[in-house]
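Read off the chains here:
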Amino acid sequence: MRRVHSPVPAKGGRVPVDYLQRLVEARREMMDEVWPAGRNSHAPWDGTHYSLKGHARPVSVSRTEAYFLSNLVILGRPDTVFEIGTGFGYSAAWLGMGLATAGHGRLITLDNYSEGSLGVDGLIAAEKFLGTIGVDEFVDLAVGSSPVDVPKVLGERSVDIAFIDANHHGEHPVGDYESVRPLMCRSGAIVFHDVDDSRYTVSKATKRAADDGWRLAALQTSCFLTVAYVDPRWTELIAEAFDAARRGEFSMVKDADGARS
Ligand SMILES: C[S@@+](CC[C@H](N)C(=O)[O-])C[C@H]1O[C@@H](n2cnc3c(N)ncnc32)[C@H](O)[C@@H]1O
C-alpha cells in the first residue's frame with residue numbers, strides 16, 4: 001500500500017494536480033477563507049473553510065473534510081455519489097475530483113439555494129467552479145429541496161456514497177437520512193456533516209442510522225464528520241481516506257485487483 005503527496009498519477013485516468021491547481025486558482029478568485037485552521041480544539045489540525053465572495057453564508061467543508069471526501073470516492077469507486085447541500089460547489093468539486101481521479105462514476109448534487117443570501121449565485125458559482133476545475137462532466141447540479149425531491153432527482157439510481165450537508169436543524173437531518181436510506185446500495189456509505197450537538201440536531205439522524213443497523217465512524221474534523229456504513233470494507237477505507245486527508249494528501253487509486261497505482 002503506497003500513498004504519495006499530490007500530484008497522484010491515476011492509472012489510466014487524469015493527474016489530480018491539474019485539478020488541484022485549477023481549484024486553488026478558482027478558489028482564490030471566487031472565495032474567501034472564513035474559518036482558519038485550528039478553529040475546533042477537537043481537531044486542531046483542521047479548519048480552513050470558505051464562503052463565496054460577498055456572501056457570509058453558506059460555509060464550505062474544511063480542508064481535511066475536502067480531502068476525505070475525495071479520498072473516499074477514490075478508494076470506494078462508487079458508481080453514484082449523491083450530495084444534499086451543493087452550496088456554491090466546493091464539496092462537490094472535491095467529490096468530483098475523486099470521480100475524475102478514479103475515472104469513474106457520477107455525482108448528483110442537490111440544493112434549494114435557501115441558505116444565507118446566496119440564492120441563484122450559488123448555482124452560477126458552482127457551474128463556474130466545477131467547469132474551471134474541469135470536473136463538470138462528472139457532476140449533475142440539481143435544483144430542489146430535500147427530502148421531498150430526493151426520489152425524483154435520483155430516479156432509478158442506487159447511491160454508493162451519500163454526503164448530507166443541508167439543513168442541520170430540527171427534524172431535517174432525520175428527514176434527509178430517511179429520504180436517502182431506501183435509495184442506498186447495501187454496500188454504500190452515508191457521510192453526515194456537522195454532527196455537533198452543541199449547535200445542531202444531525203446526531204438524531206446518525207442515531208436513527210445506528211438503530212437501523214448502520215455502523216458509525218465519527219471522525220475528528222473541523223465540523224464533526226460521521227460516516228455510516230454496513231459493509232465492513234469501509235472500516236479500512238475510511239481509516240485510509242482520513243489518514244491521508246489529515247496530511248493533505250490524495251489516496252491512491254485502487255485497481256480492480258486491489259493493487260494501488
Ligand atoms: C453548509 S451548505 C453546503 C456546503 C457545501 N456542502 C460545501 O461544503 O461546499 C448547506 C446547503 O444546503 C442547502 N439546503 C438547506 N436546506 C436544504 C434543503 N431542504 N434542500 C436542499 N438544499 C438545502 C443550503 O441552501 C446550503 O447551500
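Please refer to the structure placed before this passage.
Now for a quick tour of the structure. Note that the coordinates shown come from a computational prediction; the quantities given were computed from them, not determined experimentally. (Residues numbered from 1 in each chain as written. Predicted model: local features only at pLDDT ≥ 70, side-chain atom pairs only at ≥ 80, totals over all residues.)

1. Some remarks on the pairing of strand S6 (residues 159-164)
Of all the six residues making up S6, five are buried; the element is thus mostly covered by neighbouring parts of the structure. Here strand S3 (residues 80-84) pairs with S6 via four bridges, running parallel. Across the sheet, the residue bridging to Val81 is Ile161, located in S6. Of the strand pairs in this sheet, S6 and strand S7 (residues 184-192) are connected by five bridges, and their pairing is parallel. When the bridges of S7 are listed, Phe163 appears paired with Val191. Note on the crossover from S6 through helix H6 (residues 172-180) to S7: the handedness is right-handed. (Buried ≥ 20, exposed ≤ 12 C-beta atoms within 10 Å, placed from the backbone. Helix = DSSP H or I, 4+ residues; strand = E, 2+ residues; numbered from the N terminus. Pairing = 2+ DSSP bridges. Right-handed = clockwise from strand over helix to strand, strands pointing away.)

2. Some thoughts on the nonpolar core
Counting residues in each nonpolar core, the largest one holds 75 residues, and the members touching the most others are Ala93, Ala162 and Ile190. For this core, the leading source of residues is helix H3 (residues 90-102), giving nine residues. For Ile190, the contacting residues outside a window of four places in its chain are Ala162, Ile164, Val180, Met184, Ala209 and Ala228. (Core = buried A, V, L, I, M, F, W, Y, C linked by C-beta atoms within 7 Å. Contact = placed C-beta atoms within 7 Å.)

3. Describing the site of the ligand
The full set close to the ligand counts 20 residues, and Pro58, Gly85, Gly87, Tyr90 and Ser91 are the nearest of them. Residues that form the shell around the ligand fall into these classes: seven nonpolar, ten polar and three charged. (Near = placed C-beta within 6 Å. Nonpolar A, V, L, I, M, F, W, Y, C, P; charged D, E, K, R; others polar.)

4. Here we look at the sheet that holds S7
Pairing is mixed across the open sheet formed by seven strands, whose spatial order is S5-S4-S3-S6-S7-S9-S8. If you trace the sheet from one side to the other, it starts and ends with strand S5 (139-143) and strand S8 (215-218), each paired once. Neighbour-to-neighbour, the strand axes of this sheet turn through a mean angle of 15°, independent of strand direction. Relative to strand S9 (residues 226-229), S8 is paired through four bridges, and the arrangement is antiparallel. Bridge pairing in S9 links Ala218 to Thr226. Its contacts with the sheet place helix H2 (residues 63-76) against S3, S6 and S7, and it is angled at close to 175° to S6. (Axes fitted to C-alpha atoms, helices over the stretch in contact; angles between N-to-C directions.)

5. Looking at the pairing of S5
Note on strand geometry: in a regular strand, side chains alternate between the two faces of the sheet. Sheet topology note: the strand S4 (residues 106-111)/S5 ladder contains five bridges and is parallel. Within S5, the position partnered with Thr109 by the bridge is Leu141. Following the chain from S4 across helix H4 (residues 120-133) to the adjacent parallel S5, one finds a crossover that is right-handed.

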